[in-house]
Amino acid sequence: MFSKSNLPMRCRKFESRFEDYLGGALDPELDAHLTECEDCHAAVHDSRLAGDLLRAAWEPASEPSHAFLAKVMATIRREEVRASSPAAFWAPLEFLASRLSLTAAMLLLALSAYVVGFAPSRSTPAPAVRTELSAGDFPQPPGDPVSNEEVLQSLAEMNYGTD
Ligand SMILES: [Zn+2]
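Residues numbered from 1 in each chain as written. Predicted model: local features only at pLDDT ≥ 70, side-chain atom pairs only at ≥ 80, totals over all residues. Heavy atoms only, no water.

1. Some remarks on the coordination of the zinc ion
Then comes step 1: Those protein atoms acting as donors to the zinc ion are Cys-11 (SG), His-33 (NE2), Cys-37 (SG) and Cys-40 (SG), and they sit at 2.0 to 2.3 Å.
Then comes step 2: Geometry at the zinc ion is tetrahedral, judged from its 4 donor atoms and the angles of 103 to 118° they form at the metal.
Then comes step 3: Look at where the donors of the zinc ion fall in the sequence and you get C-x21-H-x3-C-x2-C. In this pair, Cys-11 sits in the segment before helix 1 (12-15) while His-33 sits in helix 3 (residues 28-36), placing the two residues 22 residues apart along the sequence. His-33 matches Cys-11 in its accessibility class, with the two residues each being buried. (Donors = N, O, S within 2.8 Å, 3.2 Å for Na, K, Ca; no water. Tetrahedral: all angles 85-135°; square planar, octahedral: opposite > 155°, others 65-115°. Helix = DSSP H or I, 4+ residues; strand = E, 2+ residues; numbered from the N terminus. Buried < 20%, exposed > 50% of the residue type's maximum accessible area, 1.4 Å probe, protein only.)

2. Observations concerning the pattern of salt bridges
For side chains bearing opposite charge, pairing can occur when the charged atoms are close.
Then comes step 1: Following the criterion strictly, the structure yields 3 salt bridges and no others.
Then comes step 2: Notably, a salt bridge pairs Glu-29 with Arg-17, separated by 3.1 Å at the nearest N-O pair. Separated by 12 residues along the polypeptide, Glu-29 in helix 3 and Arg-17 in the loop between helix 1 and helix 2 (18-22) bring together distant segments of the chain.
Then comes step 3: Residue Arg-17 is classed as partly exposed on the basis of its relative accessible area, which comes to 23%.
Then comes step 4: Beyond isolated ion pairs, a larger network of salt bridges with shared partners links Lys-13, Arg-17, Asp-27 and Glu-29. (Salt bridge = Lys/Arg side-chain N within 4 Å of Asp/Glu carboxyl O.)

See below:
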């Protein structure tokens, strides 16, 4: 870039060597030139300062920052391992399934509460076949109220038979 360079024409040939020089390369010719050229000396000094600042910002030397960086990198690696493992694919589905089974369990609980709450009144037999034995005193076979009435009726018949 031309606009970057404010150096006189005689210094242009050294300008391209600044980077290597700052990188540690030995350049006796440039060394000699820097001692006698204020412009190049300032340019190299500025570049070195900028490079130092950049390195300082890029590689924090303080201990907490290193620990923080290590922690961040460890987290990133862990996430990468997790994401690349086959189990990671199923994790959201497992979560969904656990949510669904929880919902199903709640639904079952609500349903059983409904059944327990409403079953006795639903299976109450008609007054005509009512005896001193209530249908609720016996284990209820799974079925509709009609079969409950039949059970009650057969129980009543047994009572009459033994009397
Ligand atoms: Zn110069």
